[in-house]
Amino acid sequence: MKNGYLPFFQLIGAFLIWSSWVIPVRLLNLNPITISFVICLWASFFWGIRLFLISNSLFYLNRKQLYLLVSLAIFFVLNMLTYLGALRYTTAAVAVLTHYTAPVFVAILAPIFLKEKLTARILAGLILSLLGFVFIFYNRENIGGDYVKGALLGLASGLFYGVIIIIAKKTLLRAREEVLLFYQNIFSSLIIFTLIPFVNFDINLRHFLILGGLAFLYSLIASELYMRSLKLIEGIRVSIIGYFEPLGTIIWGFIFFKESITIKTIIGGLLILFSGYLVTAKE
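Figured I'd write up the structure that's included with this text.

About the cut-offs
- Residues numbered from 1 in each chain as written.
- Predicted model: local features only at pLDDT ≥ 70, side-chain atom pairs only at ≥ 80, totals over all residues.
- Heavy atoms only, no water.
- Helix = DSSP H or I, 4+ residues; strand = E, 2+ residues; numbered from the N terminus.
- Buried < 20%, exposed > 50% of the residue type's maximum accessible area, 1.4 Å probe, protein only.
- Axes fitted to C-alpha atoms, helices over the stretch in contact; angles between N-to-C directions.
- Parallel < 35°, antiparallel > 145°, perpendicular 65-115°, else oblique.
- Left-handed = near helix turned anticlockwise from the far one by under 90°.
- Contact = heavy atoms within 4.5 Å.
- Nonpolar A, V, L, I, M, F, W, Y, C, P; charged D, E, K, R; others polar.

**Describing unusual backbone geometry**
Of note in the backbone geometry, Asn29 takes a positive phi value of approximately 55° without being a glycine. Residue placement: Asn29 occurs in the loop between α2 (22–28) and α3 (32–54). One non-glycine residue, Lys258, lies in positive phi territory at about 55°. Position of Lys258 among the secondary structure elements: in the loop between α12 (244–257) and α13 (263–280). Exposure remark for Lys258: the relative accessible area of 68% places this residue in the exposed category.

Below, the structure is given as structure tokens:
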């Protein structure tokens, strides 16, 4: 590879950055709607600068593009709220591993919406993923309350993220990555804004500025590293390197919050991650 190992390190860096979501979600003690709204607001600002000032480009949306990007924003909001909720209510390991059912959901939805072929490998991945979720979910010591709520939110976030990938594939045929991220965050901010009257919008200036820094790190820096690497690394390698995210999340949970990891969680997580490998690997 002419760029050496730099794209791989950039990609690993992006996934490790995203893996640290559990830290601000727990330490800031803000509700997911507040975090999501402010992050999207700041991200819109940063990507607006990136798109209009640095790239010196302007992009107008036609009706088809508007429909796809609004749909993308809706599922982005649903994914963000459910994943942040999972990180808040259950362990980092359970939240991120149930979220990583996303490749299986993509494999199920792709034949319907992208006319891609449904294979035996995909069906095997679905079965393994469901089995892995059963291992994580069925824990006699934590079978009630927030543990189950967090696991179900993680599973829902996996579904919503799978839908995002499907819509993004269609949208990227018509728009650049920078344009997609700019409008995704603009529309997401507007969608979340409609929910604010129903929640306690508990934020001060300090939290607002901290979330601005997080938006710069998670949305601009990590996304930029990811997009640059994506153009130089094969899809299957990207998928495998992507496992640095659940690994990193579990490590952060252990370091910062002293979370233990059960044997059932390890077995279930391995089944889910292997199912993701099955459905993304080449036949």
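Let's pick the thread back up.
**Describing the packing of helix α1 (residues 6–19) against helix α10 (residues 205–230)**
Where α1 meets α10, the axes come as close as 8 Å, and the angle between the chain directions of the two elements is 150°. The orientation of α1 with respect to α10, classified from their angle, is roughly antiparallel. For the crossing formed where α1 meets α10, the hand is left-handed. In this structure, α1 uses Pro7, Gln10, Leu11, Ala14, Phe15, Ile17 and Trp18 to contact α10, whose residues at the interface are Leu217, Tyr218, Ile221, Ala222, Ser223, Leu225, Tyr226, Arg228 and Ser229. Classifying every residue of the contact of α1 with α10 by side-chain character gives 12 nonpolar, three polar and one charged.

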